Amino acid sequence: MKVDTSTPFALLASLDRESRRVNREYQRDSSSGWRGVLLAVGEFRFLVDMEAISEVTDPMSLTHVPLADPMVLGVGNLRGLVLPVFDLGRLLLGESLAGDSSRQRIVVAPQGQGMAGLLVSRVEGMRNCAPHQRRLEVDVPEAARPFVTGGFDLGHRLHPVLDLNRLLNDTGRFAGLETAEPAEGQQQAVAS
C-alpha cells in the first residue's frame, strides 16, 4: 500500500481506501464459511476445525506404556517426534474404538507444548460449512458435551463440532489418569 502523506487530507484518504479494501477481503473470507474435518468416533461423527489438526496419518507401530490408563494406546515415532497416542473413543466417550481397523486413522493435534495423536474410526473428509448452517444446540452423549461447541446442519445430518483444543488441554481429563497396580513381584519406580 502506498500512502500519500503530502497533506493530512491525502493521508486520511489513503488510509480510508486501505481500510475499505481490508474490510472487503475480511467480509469475503468470513462469508466463505468454516472448514472442518469430519471424523467418525465409533458410531458418532464430529466436525473438527481444520486449524486444530496438524495432520492425519495411518496407524503406526506403538510402544506400550506400562501402567498407563487404557485410553493411552502407547507412544509412536512420527518423523522423529515422540507422539503419545490416545483412543479418542475412550478419551471422549469412555468407550474403546472397535470395528474395521483398516479405516482407522490417527489425527495429530497440538497438546500443551507438544503434540498428541488421537485414534479415530475413520476420517470422512473435509466439509465447508456456511454460516447459515450453524446450530447452537446439538444432541451428543453427556461425556462429550463439555467439548462440543454447537454444530452444523449439512442437510442430511446435524454434525456436532468437537473442540479438540479444549479436549486435549482439559487438565481434569489428563490429571486424573489412573495407573494400574503393579503385578505381584513388580516394584514401582520411586523418584528420588
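Now for a description of the structure that goes with this document. (Residues numbered from 1 in each chain as written. Predicted model: local features only at pLDDT ≥ 70, side-chain atom pairs only at ≥ 80, totals over all residues. Heavy atoms only, no water.)

### Quick word on the pairing of strand S5 (residues 81–87)
Two faces make up the sheet, and in a regular strand the side chains alternate between them.
For step 1, the next point in the chain: Pairing of strand S4 (residues 72–78) with S5 involves 6 bridges; the strand directions are antiparallel. For Asn77, the partnering residue across the bridge sits in S5 and is Val82.
For step 2, the next point in the chain: Connecting the antiparallel pair S4 and S5 is a turn made up of 2 residues, with Arg79 showing a positive phi of about 50 degrees.
For step 3, the next point in the chain: Sheet analysis places S5 next to strand S7 (residues 114–120), joined by 3 bridges and oriented parallel. Within S7, the residue paired with Phe86 across the bridge is Leu118. (Pairing = 2+ DSSP bridges. Helix = DSSP H or I, 4+ residues; strand = E, 2+ residues; numbered from the N terminus.)

### Digging into the nonpolar core
For step 1, the next point in the chain: Grouped together as the largest cluster of nonpolar side chains are 36 residues, with contacts concentrated most on Phe46, Leu88, Leu91, Leu92, Leu162 and Leu164.
For step 2, the next point in the chain: Of all the secondary structure elements, the ones that give two or more residues to this core are strand S1 (34–41), strand S2 (44–49), S4, S5, helix H2 (88–93), strand S6 (105–111), S7 and helix H3 (164–168).
For step 3, the next point in the chain: Counting residues in hydrophobic clusters, the runner-up holds 6 residues, among them Leu47, Cys129, Phe152 and Val161. (Core = buried A, V, L, I, M, F, W, Y, C linked by side-chain atoms within 4.5 Å. Buried < 20%, exposed > 50% of the residue type's maximum accessible area, 1.4 Å probe, protein only.)

### Structural notes on the layout of surface pockets
For step 1, the next point in the chain: Of the volumes computed, that of the largest pocket is approximately 150 Å³.
For step 2, the next point in the chain: Surrounding the largest pocket, Glu43, Phe44, Arg45, Phe46, Asp139, Val140, Pro141, Arg157, Leu158 and Pro160 form its lining.
For step 3, the next point in the chain: Contributing elements (two or more residues each) for the lining of the largest pocket: S2 and strand S11 (158–162).
For step 4, the next point in the chain: No other element matches the 3 residues that S2 contributes to the lining of the largest pocket.
For step 5, the next point in the chain: Here the residues of the lining of the largest pocket sort into 6 nonpolar, no polar and 4 charged. (1 Å grid on protein atoms, 1.4 Å probe; cavity = no way out; pocket = protein on both sides within 12 Å on 5 of 7 lines; lining within 4 Å. Points joined across faces, edges and corners; volume = space filled by probe spheres on them. Nonpolar A, V, L, I, M, F, W, Y, C, P; charged D, E, K, R; others polar.)

### Quick look at the pattern of salt bridges
For step 1, the next point in the chain: Taken as a whole and assessed by the stated rule, the structure comprises 7 salt bridges.
For step 2, the next point in the chain: In this structure, the salt-bridge partner of Glu124 is Arg122, at a minimum N-O distance of 2.9 Å.
For step 3, the next point in the chain: Take Glu124: its relative accessible area is 24%, and that puts it in the partly exposed class.
For step 4, the next point in the chain: Among the residues examined, Arg122 registers a relative accessible area of 18% and is labelled buried. (Salt bridge = Lys/Arg side-chain N within 4 Å of Asp/Glu carboxyl O.)

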